[in-house]
Amino acid sequence: PNPPISARRSMPFKVTKPEYLSVRKYFRCATSRVNFLKDSLDSYPEKMPSYKLTYFNGRGRGELARLLFAAGGIEYEDVRVAGEQWQELKPKTPFGQLPILEVDGTMICESRAIGRLIAKAAGLAGKTDLEAARADMIIDGLEDLGHKVLPIFIEKDENKKAELKKEFTEKTLPPALDHFEKLASAEGYFVGNSLTWADVNFFAFLGFMTGFVPGDHLKGKVNLNKVMGNVTSNAGIAKWLKERPETEF
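The numbering scheme is per chain: residues are counted from 1 as the chain's sequence reads. Selection of residues for local features in this predicted model requires a pLDDT of at least 70, selection of side-chain atom pairs for listing and counting requires 80 or more, and totals for whole chains, interfaces and linings are taken over all residues. As a rule here, side-chain values cover all heavy atoms of the structure and leave hydrogens and water aside.

*Asks:* Explain the packing of aromatic side chains to me, using residue names and the numbers behind them.
*Replies:* Each aromatic ring pair is summarised here by two numbers: the centre-to-centre distance and the angle between the ring planes. Only Phe, Tyr and Trp rings take part, Trp by its six-membered ring, and two of them pair if their centres are within 6.5 Å. Stacked means planes under 30 degrees apart, edge-to-face means over 60, and tilted covers everything else. For the structure shown, the criterion picks out ten aromatic pairs. Centroid distance Phe56 to Trp86: 5.5 Å. Interplanar angle 85°. Geometry classified as edge-to-face. One end of the pair, Phe56, is in strand β1 (residues 51–56); the other, Trp86, is in helix α4 (residues 83–89), and 30 residues separate them in sequence. Taken together, the aromatic side chains of Tyr51, Phe69 and Tyr76 make up a single cluster linked through ring pairs. Under the DSSP-based scheme used, a helix requires at least four consecutive residues in state H or I and a strand at least two consecutive residues in state E, with every element numbered from the N terminus.

Written as structure tokens, this is what we have:
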């Protein structure tokens, strides 16, 4: 169509039909961009959520969350409880256990659920649904292996504890690490080509396990050693590892 009569009357110069269509298209695109930016700003949160992590004064199941917060540069409150504090808090937790994470006052528990939430906030959960599922696969595999370490942790008899350690290090751990070695890439990632919470969790798990079952467990594991190196080379994690408090576990 030609320019509206009112528009033509107000123009001190002649405008051809192609010129008019070009200008109209430009302003429609500009309006579309403005609306897109407005919608994006309207949906953007006014402030970052507040995070409060509560766990015992140790690494254990709370350390994955701390490492993920560090990797993502996310501020949080690191609360450590013991004794009477824990007994008072226990009835108020969802399942009577730690860690718990409070997000703007809403409490959740279970270390993997907490880790997954933080990983998403930090951009470490995987870039696609399939990558996220693969990360979950590694996480669940480590959880299964962790159940086999637990008897060593809770055994009180030193002779039985030594037997359990021997069986774990000689029969259980080697084939499990062989599986993880094959699942890690030559670049040292379990998922894609960048750091995810699967890599961070492997690092946290190995550190925790080695505390109870000392040894050079990754000897000859080229890919897994690269995973460990990729985790420790993250600036936020490197800073946390340097500054975190020394604890018994």
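*Asks:* Summarise helix α5 (residues 111–122); cite the residues concerned and give the values.
*Replies:* Owing to its 3.6 residues per turn, the α-helix brings residues three or four apart onto one side. Relative to the 16 Å expected for twelve residues at 1.5 Å per residue, α5 spans 16 Å between its end C-alpha atoms, a close match to the ideal helical length. Taken together, the buried positions of α5 are occupied by Ser111, Ile114, Gly115, Ile118 and Ala119. Projection of α5 onto a plane perpendicular to its axis shows the buried side chains occupying an angular sector of 135°, all on one side. Those residues of α5 that are buried are in contact with α3 (63–72), β3 (100–103), β4 (106–109) and α8 (197–212). One or two positions beyond α5, positive phi appears at Gly123, with a value near 75°. For a helix, the expected span equals 1.5 Å multiplied by the number of residues minus one. Here the term buried applies to any residue with accessible area under 20% of the maximum for its type, exposed to any over 50%, and partly exposed to those in between, with areas from a 1.4 Å probe on protein chains only. Relevant arc is that of directions from the helix axis to the C-beta atoms, nothing else. Residues count as neighbours in contact if any of their non-hydrogen atoms are within 4.5 Å of one another.

*Asks:* How would you explain the side chain of His217 if you had to name every residue and give the values?
*Replies:* Relative to the helices and strands, His217 is located in the loop between α8 and α9 (222–232). In protein, a polar contact means a hydrogen-donor-capable atom and an acceptor-capable atom, both N or O and within 3.5 Å, with residues adjacent in sequence counting only if both atoms are side-chain atoms; elsewhere, any N or O pair within 3.5 Å suffices. Engagement of the side chain of His217 in a polar contact is seen with the backbone oxygen of Val213, the distance being 2.5 Å. Excluding residues within four positions of it along the chain, His217 makes contact with Thr169, Leu173, Leu177, Met209 and Thr210.

*Asks:* So what's going on with the sheet that holds β4? Which residues, and what values?
*Replies:* With mixed pairing, four strands are arranged side by side in an open sheet as β2-β1-β3-β4. Pairing within the sheet leaves two strands with one partner each, and these edge strands are β2 (77–81) and β4. Taken over all neighbouring pairs, the strand axes of this sheet differ in orientation by 20° on average, direction set aside. Both β1 and β3 contribute to a ladder of four bridges, which runs antiparallel. In the strand pairing of β3, Lys52 is matched with Glu102. In the packing of α3 onto the sheet, contacts are made with β1, β2 and β3, and the angle to β1 comes to roughly 145°. Whether two strands pair depends on DSSP finding at least two bridges between them. Axis lines are fitted to C-alpha atoms, over the contacting stretch for helices. Their N-to-C directions set the angle, which ranges from 0 to 180 degrees.

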